[in-house]
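Here is what each chain is made of, one letter per residue.
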Amino acid sequence: MYLKKKISNFLFYSLILSIGYYFTLLKGYGSDGDTIGLMKSFINFIQNNNYSPSRGYGHPIAEFIIGFLSYNFGATTSTFLSFIVFFLSLILFYYSFDEFFLEDKSKIFIILCLSNSLILFDNINSSDFPWSLFFFSLGFFLMRKESYYFCCIFFALSVGCRYNFIIFVYAAIFSHWVINLDKINFKKFVTICFGTFLGIFLIFFPLNFFYSEVVSYSFHDRVAVPGQGYNIESLLPRFIYKNFKLFGVYACFAILFFIIKELMFNKEKIFNSIIFKYSILIILINFIIFFIFPAKISYLHSGIILIYLILVFILEKKYLYLLIGLNLLQWVVSYDLIKITYKYQDICKPIHAISATIDPHYKSGEYFTMLEKISLKDCYSESFSKGLPIKLDY
């Protein structure tokens, strides 16, 4: 029985990694427009001894990792390792709470996350998000196991990959303290917070102070701020539409139904579960941030992964299989409720929507949409990567 389980796990993980590698070969560096910025930041540092953030206050850990891998090994290695750490993140999140599951649902949780095409394809990119999520999930796992010194280190590395994760990190630490008030006094809570802050400080301060030509602490100077049209009337439809897309154009209705049903008939199990108590603050903050800054759908990945984890905990397997089936259906055939007009038709130009009209219509599934975007690789090899000594091995 033990050997059979080992073989089953080996075959399952091998299949997942093979699928990830297949898409890696198709996508090259991926479709994240920030990838080249990460590479440029790394190359500028090693060639000119100058730190120029890829954007905002910088993402130094991700800039180093993605830059180093791309510079030395090329697209396949960089993107595939990004997928691997995302895959490991799912495993770490599940096994942070595995003792609360009455049966092993780890494979169902992983398949549920990966069957969501937008989550999968967004994380087969040479980008900062998979690495930030990985360090966050590892810090979260170690915090749950009460290994506080190491959790501070990995929480700091997570913020070093994407500084907006600082909100999730401190939300996780606060939740851990509140849930374990009988074991963690206020002094230990402050120590964990300070240890994480010290790690973040050691990542950002030396680079920005000693190696950056211009040091600016202005939020306006470092971060893109909203312009005209930034109001509740424009934010709410965007927020609803992007959530509709991310949760799945078919699965979102089933998820909404299951959530309402469980809240009506099984709310004590939900509210009393440790998984819910740890996740709810992070989820709420994630949705609030996305409501204010409804940019990339990937900004919501942390929240939806934790929602999936809660669903896996409370739902029977047959309902989880239904959600997976609905996710996979969207790979083949999809539909949209609106038609969006973009400022640029060139695939290499920034994605800038200028208008949207209600126009329900069927369209190709997300797998075929992804294949149509494969030509984005040419942007890196022809224009964006011009003059950059990076390996384009696809």
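What counts, and where the lines are drawn
Residues numbered from 1 in each chain as written. Predicted model: local features only at pLDDT ≥ 70, side-chain atom pairs only at ≥ 80, totals over all residues. Heavy atoms only, no water. Core = buried A, V, L, I, M, F, W, Y, C linked by side-chain atoms within 4.5 Å. Buried < 20%, exposed > 50% of the residue type's maximum accessible area, 1.4 Å probe, protein only. Helix = DSSP H or I, 4+ residues; strand = E, 2+ residues; numbered from the N terminus. Contact = heavy atoms within 4.5 Å. Phe/Tyr/Trp six-rings, centres within 6.5 Å; stacked < 30°, edge-to-face > 60°. Lys NZ or Arg CZ within 6 Å of the ring centre and 35° of its normal. Salt bridge = Lys/Arg side-chain N within 4 Å of Asp/Glu carboxyl O.

*Asks:* What am I meant to see in the nonpolar core here?
*Replies:* In summary, soluble globular proteins display a tendency toward joint burial of nonpolar side chains. Counting residues in each nonpolar core, the largest one holds 108 residues, and the members touching the most others are Phe109, Phe136, Phe140, Met143, Phe155, Ile305 and Tyr308. Broken down by element, this core gets its largest block of residues, 11 residues, from helix H16 (residues 301–314). For Ile305, the residues in contact, after removing those within four places along its chain, are Phe86, Leu90, Phe93, Phe109, Cys113 and Leu133.

*Asks:* Looking at this structure, I do not really get the packing of aromatic side chains. What am I missing?
*Replies:* Each pair of aromatic rings is reported with the distance of its centres and the angle of its planes. All told, the structure shown has 52 aromatic pairs when counted by the stated rule. With a centroid separation of 6.2 Å and 50° between ring planes, the pair formed by Phe239 and Phe290 is classed as tilted. Note that Phe239 is positioned in helix H12 (residues 232–247) and Phe290 in helix H15 (residues 274–292), a separation of 51 residues in sequence. Each member of the pair, Phe239 together with Phe290, is buried. Looking at Lys107, its charged tip hangs above the ring of Phe12, at a distance of 5.7 Å from the centre. For the cation-ring pair, Lys269 lies above Phe313, with the distance from its terminal atom to the ring centre recorded as 5.3 Å.

*Asks:* Looking at this model, I keep getting lost on the pattern of salt bridges. Mind explaining?
*Replies:* Oppositely charged side chains can form a pair if their charged atoms are brought close together. All told, the structure shown has 8 salt bridges when counted by the stated rule. Of the charged contacts in the structure, one is a salt bridge between Asp128 and Arg162, with a shortest N-O distance of 2.8 Å. Here Asp128, found in helix H7 (residues 128–144), pairs with Arg162, found in the loop between helix H8 (148–161) and helix H9 (165–179); they are 34 residues apart in sequence, far enough to count as distant. What makes Asp128 buried here is its relative accessible area of 1%. Under the relative-accessibility criterion, Arg162 is labelled buried at 8%. Note that Asp336 is salt-bridged to Lys363, the shortest N-O span being 3.6 Å. You can see Asp336 sitting in strand E1 (residues 333–342) and its partner Lys363 sitting in strand E2 (residues 353–364), a full 27 residues away along the chain. The class of Lys363 is partly exposed, set by a relative accessible area of 28%.

Take it as geometry only, folks, not as evidence of what the structure does.
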